[in-house]
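One letter stands for each residue in the lines below.
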Number of protein chains: 2
Amino acid sequence: MMGKYRLFCRGESGNSYKATLMLNLVGADWSPVFVDFFDEPSRSAFRQTTNEMGELPTLELPDGRLISQSGVILSFLSREAGMYSAASQMEQDEVLRWLLFDNHRFTPPFATLRFMIGLRGADESVLTAHLRAQAQAAYEIVDAHLAGREYIVGASPTIADISMAGYLYYEEDARFDRKGFLNIARWADRIKRLPGWKHPYDLMPRAIREE
Amino acid sequence: MMGKYRLFCRGESGNSYKATLMLNLVGADWSPVFVDFFDEPSRSAFRQTTNEMGELPTLELPDGRLISQSGVILSFLSREAGMYSAASQMEQDEVLRWLLFDNHRFTPPFATLRFMIGLRGADESVLTAHLRAQAQAAYEIVDAHLAGREYIVGASPTIADISMAGYLYYEEDARFDRKGFLNIARWADRIKRLPGWKHPYDLMPRAIREE
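Residues numbered from 1 in each chain as written. Chains lettered and ligands numbered in written order. Predicted model: local features only at pLDDT ≥ 70, side-chain atom pairs only at ≥ 80, totals over all residues. Heavy atoms only, no water.

Draft legend 1. Molecular detail of the packing of aromatic side chains. As enumerated under the stated definition, the model contains 28 aromatic pairs over all chains in all. Ring centres of A:Tyr139 and A:Phe176 lie 5.1 Å apart, and the angle between their planes is 70 degrees; this geometry places the pair in the edge-to-face category. In this pair, A:Tyr139 is assigned in helix H5 (residues 126–145) and A:Phe176 in the loop between helix H6 (159–164) and helix H7 (182–192), connecting sequence segments 37 residues apart. Looking at A:Tyr139, the relative accessible area reads 2%, which means it is buried. A:Phe176 gets classed as buried once you look at its relative accessible area, which sits at 8%. On the numbers, 6.0 Å between centres and 55 degrees between planes, the contact of B:Phe110 with B:Phe176 is tilted. Taken together, the positions of B:Phe110 in helix H4 (residues 89–119) and B:Phe176 in the loop between helix H6 (159–164) and helix H7 (182–192) put the pair 66 residues apart, joining distant regions of the chain. Members of the aromatic cluster, joined through ring pairs, are A:Phe106, A:Phe110, A:Tyr139, A:Phe176 and A:Phe181. (Phe/Tyr/Trp six-rings, centres within 6.5 Å; stacked < 30°, edge-to-face > 60°. Helix = DSSP H or I, 4+ residues; strand = E, 2+ residues; numbered from the N terminus. Buried < 20%, exposed > 50% of the residue type's maximum accessible area, 1.4 Å probe, protein only.)

Here you go:
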C-alpha cells in the first residue's frame, strides 16, 4: 500500500529518523523508501535523480515535489499538520535557533562518532578525539539549557525537540558516555512518551543487520 | 555613536561576517561589539551573560533582546528590512534548505580547516584530511548547483547567498584549493558587487593581528 508521502531514508540515519518520527507523530500516511548509502552506485543514482545534496532524508510529496534537509521537512510537516509548531514569532525564532544548533553542533559530532566507532568499529585517533570533545561541549550546552525545562522551546514539544531527538535512541556504543547528562536523559524519556513515538529501527529498513 | 543594533562578533569569524554583511547590505544602523574568543575568561563571561550557546555572532536588538545563530539573525533582518527574502513559500523552503546545508556541511569543514591551518598553523593529520574531504564534497555540490544560476535560490540574492558567502573572502591559506570551483568564484564576485558589500576585516575588529 502506497502512502501519501514517501520518505527516502535508512534505519541507521538519525537524520532520517527526525523525519520519520515526525511523520508518525502527526499521524501522516507515509511509507519508507530504502536507499542503501553503503552501496556507491545506489548513492550516486540517488544524487542524480532525487537530491543534489546526496542526503537522506528526502521527502516526496503527493504531487511529486521533493524536499530535503530534515529541518525543512520538519517545518513543512509542522505547517501542514498544525502540530509541533511554535506559539509566537519569537518562539519560532527560538525553534529555528535550536534547529540550526542541532544541525551544526549537536547532531554531527555524535553522529559521526557513532558511525565511525559504533557501526564501523574504527580505532581512536585525533579525529575521534576531536569529535568527542565537540559532542561533549554540545551535550553540555543542551543539558544546561534543559535544566528546569520540559522541552527545548516553550511549554510544549516543537520540531526543535524532534530534530534534536534524532540520535538519542540508538544504542550502538560510540564510546561517548551520554548517561551523565541527566536533563537530556529525562527529556529523551519525555519525547518517548509522545503518542506515536517509535524506535528508529521499528520505522525504517536497516542497511546493516546484526549477526 | 551607538548603533541601533549591536552585534557581538570578531573579524576572524565568518559566521559573524554573515550577520555583519547583512546589516550592511540592508543599511542597518549598527555597531560591532568585539568579543575575544581566544581569551578564555572573556569567552566564559560571554556565555554566562549573553549567549548560552557560547557562539558568535549574537545580535542585540534595540529593546535589549538577544538573538543568535547566524541563520536566525539573517531571517530576522530580512523580515525587518523586507530585503533578501524569498519570493514564495516554496522558495522560502529552498532558502531554509540551503541555510541548513550551509550550517552543517558547507561552512564547518572549511572554517575549521582555515582556523587550524590558516590561523593556527596546525600540521596535517587524519583530522585535517577528514575536514578537507568534507569541504571538497560540499564545494562540489554547491559548484554544481550554481551551474547556470546567478544565485542560490531564485532570480535574486537571498539570505541563503549571504549565509553561504560567510567564508568566501578570507584569504588565509587553509591548503584547500578553492580556485577550481569556477561557478562558486563567479558567484562570489556577484555577491561582492551588491551595494553595501565590504570585506569582513573592514567591518569587524580582529583578535589576531598580522605582524
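Draft legend 2. Representation of the packing of H5(A) against helix H5 (residues 126–145) of chain B within the structure. The N-to-C vectors of H5(A) and H5(B) enclose an angle of 70 degrees; their axes lie 7 Å apart at closest approach. Judged on the interaxial angle alone, H5(B) and H5(A) are roughly perpendicular. Counted together, A:Val126, A:Leu127 and A:His130 of H5(A) and B:Val126, B:Leu127 and B:His130 of H5(B) form the full contact between these two elements. (Axes fitted to C-alpha atoms, helices over the stretch in contact; angles between N-to-C directions. Parallel < 35°, antiparallel > 145°, perpendicular 65-115°, else oblique. Contact = heavy atoms within 4.5 Å.)

Draft legend 3. Quick look at the side chain of B:Arg97. Mapped onto the elements of the fold, B:Arg97 is located in helix H4. Owing to a relative accessible area of 7%, B:Arg97 belongs among the buried residues under this scheme. Of note is the side chain of B:Arg97, whose polar atom sits 2.8 Å from the side chain of A:Ser68. With sequence-adjacent residues up to four places away left out, B:Arg97 is seen in contact with A:Asn51, A:Glu52, A:Met53, A:Ser68, A:Gln69 and A:Val72. (Polar contact = N/O pair within 3.5 Å; in protein donor to acceptor, adjacent residues only side chain to side chain.)

Draft legend 4. How the structure looks around the pattern of salt bridges. All chains considered together, the criterion is met by 23 salt bridges over all chains. Through salt bridges that share partners, A:Glu52, B:Glu94 and B:Arg97 make up one connected network. (Salt bridge = Lys/Arg side-chain N within 4 Å of Asp/Glu carboxyl O.)

Draft legend 5. Molecular detail of the sheet that holds strand E4 (residues 66–68) of chain B. Residue and element names in this part refer to chain B. What the four strands build is an open sheet, ordered E2-E1-E3-E4; its pairing is mixed. Of all the strands in the sheet, the pair left with one neighbour each is strand E2 (30–34) and E4. The average undirected angle you get between the axes of adjacent strands in this sheet is 25 degrees. Of the strand pairs in this sheet, strand E1 (residues 5–9) and strand E3 (residues 58–60) are connected by three bridges, and their pairing is antiparallel. (Pairing = 2+ DSSP bridges.)

Draft legend 6. Highlighting the domain arrangement of chain A. Residues and elements named next belong to chain A. Looking at chain A, the domain boundaries give domain 1 (4–83 + 197–203) and domain 2 (89–192). With centres defined by C-alpha atoms, the gap from domain 1 to domain 2 works out at 20 Å. Counting residues at the interface gives 21 residues for domain 1 and 19 residues for domain 2. Together, the buried faces of domain 1 and domain 2 total about 1,600 Å²; carbon and sulfur atoms form 64% of this surface. (Domains from an automatic or database assignment. Buried area = accessible area lost by both parts, 1.4 Å probe.)

Draft legend 7. Molecular detail of the interface of chain B and chain A. Each side of the interface is counted separately: chain B has 32 residues, and chain A has 32 residues. When chain B packs against chain A, close to 3,200 Å² is buried across both sides, 58% of that on carbon and sulfur atoms. The largest share of the area that chain B buries against chain A comes from B:Met53, B:Arg97 and B:Leu100, three residues that together contribute 20% of it. On the surface where chain B and chain A come into contact, there are eight salt bridges. Measuring nitrogen to oxygen at the nearest pair gives 2.9 Å for the salt bridge that ties A:Glu55 to B:Arg105. Applying the counting criterion to the chain B and chain A interface returns 17 residue pairs in polar contact (both at pLDDT 80 or more). For the side of chain B that touches chain A, the secondary structure elements donating two or more residues are helix H3 (70–81), H4 and H5 of chain B. For the side of chain B that touches chain A, the leading source of residues is H4(B), giving 13 residues. Taken together, the residues of the side of chain B that touches chain A break down into 12 nonpolar, 12 polar and eight charged. (Nonpolar A, V, L, I, M, F, W, Y, C, P; charged D, E, K, R; others polar.)

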